[in-house]
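# Fold and contact review
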Amino acid sequence: MRRTPTCVLSDSEPPSVSNGHAVDRFVQIGSLTKVLTGTALMRLAAAGALTLDDPVERWLPAAPGTGITLRHLADHTSGLPRLPPQVSGRDPYVPFDDRALRDVLSRLDTLVTRPAGQEEEYSNLGYAVLGAALAAVSGTTYEELVTAQVLRPLDVTEVSADPDPARRLLAPGLFGGSRRPWTMAGPILPAGGLWATPRASAELLVRLLVERRLGDPAPTWQTAGPLLWHNGATRDASVFAGATADGRWVLVHRLNGDPDDTDRTGVEVLRRGRQR
């Protein structure tokens, strides 16, 4: 069996690192990236650079008349499917390049599965479009946008789209060596392509949800009773981040582990914290 490197950080227990994980190595955080995208959206809205109800075609060369707004993209009610067209294979997002995004935008009206605003359907494609729109609003790259609007104001540094390979931590393979991670660059980056150290992910979690340094949490966060949370998973990496209204928080990152088990670990740590 492959080793499952695991890192658990929380308010209630000492840091736990096992099987070769590390708090200071860059790992893929998958869809936890969406939290930064959603926070950047809210920051731009607060600054008056856009409104949440702007139609997509105001900022991108998208097919008109879909009724899709930036708000719909952020809260997963755009009616867009979960994945971009032709995403498949061992490195599934490689075909989704800038040209593929332009093609998607030109036919958004044919890709929607239901009218915007009617029903929630989690969509990586929607967040790819949202990230492209925010980059267009700011006139910068997505990574520059996130740095200016989220990371720098929160004083968090160990987050990157392309960290130094020497500082990356990859999933161990069966016979030594490391497993090749998914390529999450290009248009899919705002939906799930960032890397971060676990300690930086924990800093983001605490400063966004517990300390509320940038105001109310973005609509990206999921809600389960008093718990605000988000998770993420790529080929071999999974993460769970959550905090409750009483200030409890947990960040779990695992390599080679089942993402559902990563989520369950996070919830269990929060449960133990409440019992103390």
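Sequence order as written defines the numbering, with residues in each chain counted from 1. Where totals are concerned, whole chains, interfaces and linings use all residues; where local detail is concerned, this predicted model gives features only for residues with pLDDT of at least 70, and gives and counts side-chain atom pairs only at 80 or more. For side-chain calculations, the full set of non-hydrogen atoms in the structure is used, while hydrogens and water are omitted.

### With respect to the overall build of the chain
Under the convention used in this document: Strands are runs of DSSP state E lasting at least two residues, helices are runs of H or I lasting at least four, and both sets are numbered from the N terminus onward. Exposure is judged per residue with a 1.4 Å probe applied to protein chains only, and the accessible area is read against the type maximum: over 50% gives exposed, under 20% gives buried, and values in between give partly exposed. Every residue pair with non-hydrogen atoms within 4.5 Å of one another is taken to be in contact. Positive residues here are Lys and Arg, negative ones are Asp and Glu, while His and the chain termini are left out of the count. For this purpose, a charge sits on NZ of Lys, CZ of Arg, CG of Asp or CD of Glu.
Within the chain one finds 9 helices and 9 strands. Overall, the chain is about 50 × 45 × 30 Å in size when its C-alpha atoms are taken along their principal axes. A total of 276 residues make up the chain; the buried ones form 52% of that total. When contacts within the chain are restricted to residue pairs at least 6 apart in sequence, those whose partners lie at least 24 apart make up 69%. Each charge class in the chain can be summarised by its mean position, and for the 30 positive and 31 negative side chains these summaries are 5 Å apart.

### Digging into the sheet that holds strand S4 (residues 159–160)
As a reminder, the rule being used: Between any two strands, at least two bridges found by DSSP are needed for them to pair.
The 3 strands are arranged S3-S5-S4 in an open sheet whose pairing can be described as antiparallel. The strands lining the two open edges of the sheet, one partner per strand, are strand S3 (27–28) and S4.

### Looking at the pattern of salt bridges
We apply this condition: When a carboxyl oxygen of Asp or Glu lies within 4 Å of a side-chain nitrogen of Lys or Arg, that pair is called a salt bridge.
All told, the structure shown has 16 salt bridges when counted by the stated rule. As a salt-bridge pair, Arg-107 and Asp-103 come within 2.9 Å of each other at their nearest N and O atoms. Note on Arg-107: relative accessible area 29%, which makes it partly exposed. A salt bridge links Glu-211 to Arg-213, with the nearest nitrogen and oxygen atoms 2.6 Å apart.

### Some thoughts on the nonpolar core
Put simply, the rule reads: Nonpolar cores are built from buried Ala, Val, Leu, Ile, Met, Phe, Trp, Tyr and Cys residues. Side-chain atoms within 4.5 Å join them into one set.
Counting residues in hydrophobic clusters, the biggest one holds 64 residues, and the most contacted among them are Leu-36 and Val-159. Broken down by element, the residue count for this core peaks at 9 residues, all from helix H5 (residues 124–138). If near-sequence neighbours (up to four positions away) are discounted, Leu-36 is found in contact with Tyr-142, Val-146, Val-150, Leu-151, Val-159, Leu-194 and Leu-204.

### Concerning the packing of helix H6 (residues 142–154) against helix H8 (residues 198–210)
Note the following rule: Note on geometry: axes are lines fitted to C-alpha atoms, helical ones only across the stretch in contact, with angles between N-to-C directions running from 0 to 180 degrees. Put simply, angles under 35 degrees are roughly parallel, angles over 145 are roughly antiparallel, angles from 65 to 115 are roughly perpendicular, and the rest are oblique. Any residue outside Ala, Val, Leu, Ile, Met, Phe, Trp, Tyr, Cys, Pro, Asp, Glu, Lys and Arg is labelled polar, Gly included; the first ten of those are nonpolar and the last four are charged.
At a minimum axis distance of 10 Å, the contact between H6 and H8 shows a crossing angle of 95 degrees. Here H6 lies roughly perpendicular to H8, going by the angle between them. The residues of H8 that touch H6, namely those facing Val-150, Leu-151 and Leu-154, are Leu-204, Arg-207 and Leu-208. Residue classes in the contact of H6 with H8 are distributed as 5 nonpolar, no polar and 1 charged.

### Quick notes on the packing of aromatic side chains
Put simply, the test is: Between 30 and 60 degrees the pair is tilted, below 30 it is stacked and above 60 it is edge-to-face, where a pair is any two Phe, Tyr or Trp rings, Trp via its six-membered ring, whose centres lie within 6.5 Å.
Considering all chains together, one arrives at 2 aromatic pairs under this definition. An angle of 70 degrees between the planes, with centres 6.1 Å apart, marks the rings of Tyr-93 and Trp-182 as edge-to-face. Here Tyr-93 is found in the loop between helix H2 (70–74) and helix H3 (98–106), whereas its partner Trp-182 is found in the loop between S4 and helix H7 (189–192), with 89 residues between them in sequence. The exposure class assigned to Tyr-93 is buried, which follows from its relative accessible area of 7%. Residue classification places Trp-182 among the partly exposed positions, given a relative accessible area of 22%. Relative to Phe-240, the ring of Trp-229 lies with its centre 6.0 Å away and its plane at 15 degrees, an arrangement referred to as stacked. Taken together, the residues span a long stretch of sequence, with Trp-229 in strand S7 (residues 227–233) and Phe-240 in strand S8 (residues 237–244) at a distance of 11 residues. Judged by relative accessible area, which is 22%, Trp-229 ranks as partly exposed. In this structure Phe-240 comes out as buried when scored by relative accessible area, which is 2%.

### Quick word on the sheet that holds strand S2 (residues 16–18)
What the 6 strands build is an open sheet, ordered S2-S1-S9-S8-S7-S6; its pairing is antiparallel. Two strands close off the open sheet at either side, each with one partner strand: S2 and strand S6 (222–224). The sheet shows a mean angle of 15 degrees between the axes of neighbouring strands, direction not considered. Both strand S1 (residues 6–10) and S2 contribute to a ladder of 3 bridges, which runs antiparallel.

### Considering the side chain of Thr-37
Definition in use: Under this definition, polar contacts are N or O atom pairs within 3.5 Å; protein pairs additionally need one hydrogen-donor-capable and one acceptor-capable atom, and for neighbouring residues in sequence, both atoms have to be side-chain atoms.
Here Thr-37 shows up in helix H1 (residues 33–46). Within the local environment of Thr-37, its side chain forms a polar contact with the side chain of Tyr-142, the two groups lying 2.6 Å apart. Of note is the side chain of Thr-37, whose polar atom sits 2.7 Å from the backbone oxygen of Pro-190. Aside from chain neighbours lying at most four places away, what touches Thr-37 is Tyr-127, Leu-130, Gly-131, Leu-134, Tyr-142 and Pro-190.

### Some points on the pairing of S7
Inspection of the sheet shows S6 paired to S7 by 3 bridges, in the antiparallel sense. Its bridge partner lying in S7, Ala-224 is registered against Leu-227. Where S6 folds back on S7, the antiparallel hairpin that results is connected by 2 residues, among which Gly-225 adopts a positive phi of roughly 60 degrees. Bridging between S7 and S8 involves 7 bridges; their strand directions are antiparallel. The partner of His-230 across the bridge, within S8, is Ala-241. Hairpin connection between S7 and S8: a loop of 3 residues separates the two successive antiparallel strands.

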